[in-house]
Every structure is written in C-alpha cells, then in structure tokens.
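# Chain and residue survey
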Amino acid sequence: MPLRAPRTRPDGRVVGVDAARGVALLGMFATHVFPVFGQDGSPTAATVIAAGRAVSTFVLVAGVSVAFLAGSRVGGRGAAAAGLVVRAVLIGLLGLLFGFVAPLNGVDGILPFYGVFFLLAVPLLWLGPRALAAVTAVAFLLGPVALVATAGLPRAATDPTLLTLVQDPGGLLLQLFVTGEYPAIVYVGYLAAGLAIGRLDLSSRRVGWALVGGGLVLAAGSRIVSWILLYPLGGLAELTAMVPAGDASSAEVAQRLLWEAYPMPTWWYLALPTPHGHTPVDLAHTLGCAMALLGALLLLTRVDAVRRLLSPLAAAGELSLTLYCAHLVVLASGVLSDEPVLLLVSMIVGALAAALAWRRTFGRGPLETLVSVPASAARRAVGGRRRAHGAPAAKPTRRPDPARMAAIGLVVVLFGLSVAVVLGTSDRDGGAEPADEVETFAEAEDQTDPPTLAPLPPDETEDVESGQADQDDRGGDAQQDEEVEPPP
C-alpha cells in the first residue's frame, strides 16, 4: 500500500508511534501521582485505566522503533546493534543516576531496566516476525513461572543506583532480570512483539485494523480465561485464604489481590489479572491493549485534522526521555503533593506545551540528543567499516546548531541543579516522605513478613521486512533514531 502523508511528518517520523508513546507517558504520570487505592479502599481511576498498560505500551513502542533501526539499509543490522549497545549503556547509567531520587518520589524507575531491554534486543535484530512472536510467547508463558518459582528471593527496597552497580553488581543483575518491578525475563516479550510489529507495513489500513482487532481479542480473551480460573474453578478463594487478612473481610482481601501485585509461590497466582503482577493473564491483556492503542493511533493519524490535533501528544512522545526524567524530579520535590489532581493537570499541560515548543524550535529533545549522538556515532563507525567493503554510504549528518546545543546544555544543567536541590533539601529536613504506598494486609496488621507458603509439588513445575527501510533511506532514519528512547 503506498505511503500516506498523514502517517508521517516530512522528517520521516511515524506520528502514530510517537502519539502512542505520548499516551503511555501521560499514563505513567497518572499512575505515579495517584496511589493504587483511594481513601474508600477502591482502586483509583489512574489504576483502573493506566496501571500496567502504560509501561507495556512504552516497551512495545520501543520495540517498534528498534525495528525501524534494524530495517534500515544504511549500515545494516550490525550497525544498529552497535548503536543499541551504546544506547543501552547510557540509558542504564542515567536510570541509576536518577535512582538517588527514588526514595523521594516513590516511583519505581524503569530506565535501568530499559538498558537491559535494549541489550536483549540486540540478538533479536536478526529474527523474523514469526520467531519474534515465539520469543514473546515463551517470555509470557515461562517468565511468570520463573517469577513464581523465585518468589521467595529477597527483593530490593529501593531503586538501584550507581552505588549498587559498584557495591552489589550481582544483586543488581538479579533485580533487573527477576526480582525488580520490571523484570527483563518477561518484559523482553513486549520488546519482541514490538519488533515484529515494526517489521510490518504500518502505512497499511489492514495492518492498523489487525492491530486494533487482534489487540482487543487478546485483551478480552485473557480476562475471560482469568475469570474462569479465579471464579468457577475457585482460584481466587484459594489465594484469598493464603493472605494474612487481619480484620479485613474476604472481599477486601480479594480486591487487593486483583489490583495490587502480591507475589506468592503458588500456581494460582498465575491466574490473577493484577496490574504489574507479571502473570500470563496480565501480560497478554496489557500487550493486547498496547497493540489496540497503537493500531488506533496509526489509523487516526492518517486523517490530517486528527494528526494536527494530536501533534502535542506526538511531540511529548518524541521527548519522552526528557519528560520522564523531569517528572521524576517534580515528584521528588514534593510540589503540589497534597493536590494530586492539580499536580497531574499541571504536569500534563506543561509536558505537552514544553514538548511542542522544543520540537518546533530545536527538534530532538535534550536528553534524547545526549543519548542519540554517541549511539549514532557508534552506528556510523560500524557502518563505515561496512562501506569499506562495498556497502552504500550513509547520508552526511547535519552540522550542529549552536543555539540548539546551548539550549540542550542549559536543560542538562537545570536537571543537575534540580536534583542537587531536591537531595540537599531532603538531607536538611531529615529525609522526604516518599509517595504513598499501599501496604499489604500483613504489613497493615502488624508489620510482620508474609507467611512462607509450602513449596509446590515437584510434578507441577513444568522475516518480513517493513516499508520502514525505504523510509529510513529517505532520511527518516536519523530522526526516528531517538524513538527508542524510553520515557517510562
């Protein structure tokens, strides 16, 4: 199907992909501002709408963007792999740096995990859509089993930092792959799915509708399977009986289990649809929602008026790394912490306005540039060796704009000063209070550890290339390069 103008901007960026990333960014804002449960004990609207779905969309879209890089005829997959390795290291180090403010904002940062995701994406570059779909299936089926089997392992109380990298590298690897908030052994499934989708012709209406329809079927079907396992087959009753409830009723315990991750070493846990529960049901549901959202935005942005209307959202998606780090600092500062609605509205309006103004003035975001420039240099270096053996040469890059570089330097300095001020204020005040966390029933009752459940019986432990390549050859590769930046 011929490339449609509403689908891309003149610089080659896919507007629907940027808009999907922007929606995910705003969803994470909401889940970080509001607690899991409200004062009445019911899940908040942010939890019901965005919990689990926002981060899955981020990782899925990151996989789509990686596919754009791998599909380029400039430099080949080897060059794309070199760029991904550099990008992974820089994003991981940035995440470890922002880990120092995690106790102040109460956010489980995803950037260190993103670094691991991109490293895991390197061997996936050479796989076709069917093989990538198989990787997703294995990660979503066996990954949760591994998490249940290792539920008794100690878990870090806070985000990893640069000190963790030096003092406990083994513990850091365990946290990033298994025991952390976004374990790589399951999230690589989202990345592989995004890579498979990115190899398709995203300019096709048929592909867009297939993503919408297939995503909705996957999301609804996983919830139906969960309902059958939890209610007619009695799984929820078994799980409720295992949780120390104290004075809470069985209904209150069940509600907690359905909305707040409480890993337990029992196979019934795998039937829960709990956001961030990392069960097969949760993973399939959130993947389906992310696919449907991406497909819908790809279709909507084919319409000129809608594409212009969504331009602030797409701009926020382009600057997701910068805006994600900025929102971590804002939450750590404690500003408007007593007015969550006003805080969320201010963050959304500020992010959309700042992203749109920056993109129109300078183009690529400041932190995106700091990551993309070294990654692109590594990619060009590998591509240069390929050209020495007869591969086609890449188009020359633009000369740096002094005004843009000065603006980027100013933003980076402001980031550093803001973090320093927040940490300094926390030290003088004796430590800032982290964001509200929802306690488990065991903690709410007597602050004791949850009981250790009996071990499980041993017998129960069981290439289609995209039209994006042509788009990259037209010059979209350099601009699309920063799309793999996470916010999340």
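Residues numbered from 1 in each chain as written. Predicted model: local features only at pLDDT ≥ 70, side-chain atom pairs only at ≥ 80, totals over all residues. Heavy atoms only, no water.

## What about the overall build of the protein?
What counts is decided by this rule: The way it works is that DSSP assigns letters per residue, a run of H or I at least four long becomes a helix, a run of E at least two long becomes a strand, and they are numbered from the N terminus. Here's how the labels work: a residue is buried when its accessible area is under 20% of the maximum for its type, exposed when over 50%, partly exposed in between, all with a 1.4 Å probe on protein chains only. For accessible areas, the Shrake-Rupley method is used with a probe of radius 1.4 Å. Any residue's cover is judged against the shown protein chains and nothing else.
Secondary structure assignment for the protein yields 22 helices and zero strands. Of all 488 residues assigned to the protein, the portion counted as buried reaches 52%. For the protein, the exposed area adds up to about 21200 Å²; of that, 65% sits on carbon and sulfur atoms.

## What to know about helix α13 (residues 250-259)
What counts here: Taking the helix axis as origin, the arc is that swept by the directions to the C-beta atoms.
Three or more residues of α13 are buried, namely V253, A254, L257 and L258. For α13, the arc enclosing every buried residue in end-on projection is 135°, short of the 170-degree limit, so these residues lie on one face.

## Description of the pattern of salt bridges
Under the convention used in this document: Salt bridges are defined by distance alone: a side-chain nitrogen of Lys or Arg within 4 Å of a carboxyl oxygen of Asp or Glu.
All told, the structure shown has six salt bridges when counted by the stated rule. Residues R13 and D18 are paired through a salt bridge, measuring 2.6 Å at the closest nitrogen-oxygen approach. Looking at R13, the relative accessible area reads 0%, which means it is buried. Take D18: its relative accessible area is 0%, and that puts it in the buried class. Each of the salt bridges in this network shares a partner with another, and the network as a whole consists of R13, D18, R21, E318 and R359.

## Overview of empty space enclosed by the protein
For clarity, the cut-off: Of the two site types, the cavity is a set of points on a 1 Å grid over the protein atoms alone where a 1.4 Å probe fits but cannot get out, and the pocket is an open set with protein on both sides within 12 Å along at least five of seven lines, each lined by residues with an atom within 4 Å of a point. Grid points are joined across faces, edges and corners, and a volume is the space filled by probe spheres set on the points. Side-chain classes follow a simple rule in which Ala, Val, Leu, Ile, Met, Phe, Trp, Tyr, Cys and Pro form the nonpolar group, Asp, Glu, Lys and Arg form the charged group, and the remainder, Gly included, forms the polar group.
What the largest cavity holds in volume is close to 70 Å³. Partitioning the lining of the largest cavity into residue classes produces eight nonpolar, four polar and one charged.

## Some thoughts on the side chain of D282
Test applied: By the counting scheme adopted, Arg and Lys are positive, Glu and Asp are negative, and His together with the chain ends is not counted. Working rule for contacts: check all heavy atoms of both residues, and any pair within 4.5 Å makes them a contact.
Along the polypeptide, D282 turns up in helix α14 (residues 280-300). Buried and unpaired, D282 has no salt bridge, with R223 as the nearest side chain of opposite charge at 6.2 Å. Setting aside chain neighbours within four positions, we find D282 in contact with Y190, L272, P273, T274, P275, H276 and G277.

## A closer look at the nonpolar core
Definition in use: Buried Ala, Val, Leu, Ile, Met, Phe, Trp, Tyr and Cys residues form a nonpolar core when they are joined through side-chain atoms within 4.5 Å.
Counting 98 residues, the largest nonpolar core has V17, Y114, F117 and L294 as the members making the most contacts within it. With 13 residues, helix α3 (residues 53-70) is the largest single contributor of residues to this core. When residues no more than four places from it in sequence are discounted, the contact partners of L294 are G16, V17, A20, L60, V64, I197 and L211.

## So, a nonpolar patch on the surface
What counts is decided by this rule: Patch building starts from residues that exceed 30% relative accessible area and form no salt bridge, then joins like charges within 9 Å and nonpolar side chains (Val, Leu, Ile, Met, Phe, Trp, Tyr) within 5 Å.
A surface patch of nonpolar side chains, about 800 Å² in accessible area, is lined by V85, V89, L93, L97, F100, L119, L162, L163, L165 and V166. Counting residues per element, the ones that place at least two in the nonpolar patch are α4 (76-98) and α8 (162-167). With respect to the helices, strands and loops of the structure, L119 is situated in helix α6 (residues 111-124).

## Remarks on the packing of aromatic side chains
Heads up, the rule is: Any pair of Phe, Tyr and Trp rings, taking the six-membered ring for Trp, is counted once the centres come within 6.5 Å. Such a pair is stacked with planes under 30 degrees apart, edge-to-face with planes over 60 apart, and tilted for the rest. Cation placement over rings: the criterion is NZ of Lys or CZ of Arg within 6 Å of the ring centroid and within 35° of the ring normal.
All told, the structure shown has nine aromatic pairs when counted by the stated rule. Note on Y114 and F117: the rings are 5.6 Å apart at their centroids and 55° apart in plane angle, and the pair reads as tilted. Taken as a pair, Y114 and F117 lie in helix α6 at a separation of three residues, close to a single helical turn. Each member of the pair, Y114 as well as F117, carries the same accessibility label: buried. Consider the rings of Y182 and Y187, whose centres lie 5.7 Å apart with planes at 80°: the pair is edge-to-face. There is no split in this pair, since Y182 and Y187 are both buried. A network of ring pairs unites the aromatic residues F113, Y114, F117, F118, F140, Y182, Y187 and Y190 as a single cluster. The ring of F37 has R256 lying over it, and the distance from NZ or CZ to the ring centre is 5.0 Å.

## Focus: the packing of helix α16 (residues 311-318) against helix α18 (residues 340-361)
The test is simple: An axis is simply a line fitted to the C-alpha atoms; with a helix, the fit covers only the stretch in contact. Between two such axes, the angle follows the N-to-C directions and lies from 0 to 180 degrees. Any angle that is under 35 degrees is reported as roughly parallel, and any over 145 degrees as roughly antiparallel; angles of 65 to 115 degrees are reported as roughly perpendicular and all others as oblique.
Where α16 meets α18, the closest approach of the two axes is 8 Å, and the angle between their N-to-C directions is 80°. As the angle between them shows, α16 and α18 are arranged roughly perpendicular. When α16 is examined against α18, the residues S311, P312, L313, A314, A315, A316 and E318 are found in contact with a partner set consisting of L352, A355, L356 and R359. Residues that form the contact of α16 with α18 fall into these classes: eight nonpolar, one polar and two charged.

## Observations regarding the confidence of the model for the protein
Test applied: pLDDT measures how confident the predictor is about each residue, on a scale from 0 to 100.
When pLDDT is averaged across the protein, the result is 82; 76% of the residues are at 70 or more. α14 holds the highest mean pLDDT among the elements of the protein, 97, whereas helix α21 (residues 441-446) holds the lowest, 41. Here residues 431-488 is modelled with pLDDT under 50, and outside its nearest four sequence neighbours on either side it reaches 160 contacts, counting other chains as well.

## Remarks on the environment of Q255
Within the secondary structure, Q255 sits in helix α13. For Q255, a relative accessible area of 29% gives the class partly exposed. Along the sequence, Q255 and T274 sit 19 residues apart, while their C-alpha atoms lie 9.8 Å from each other.

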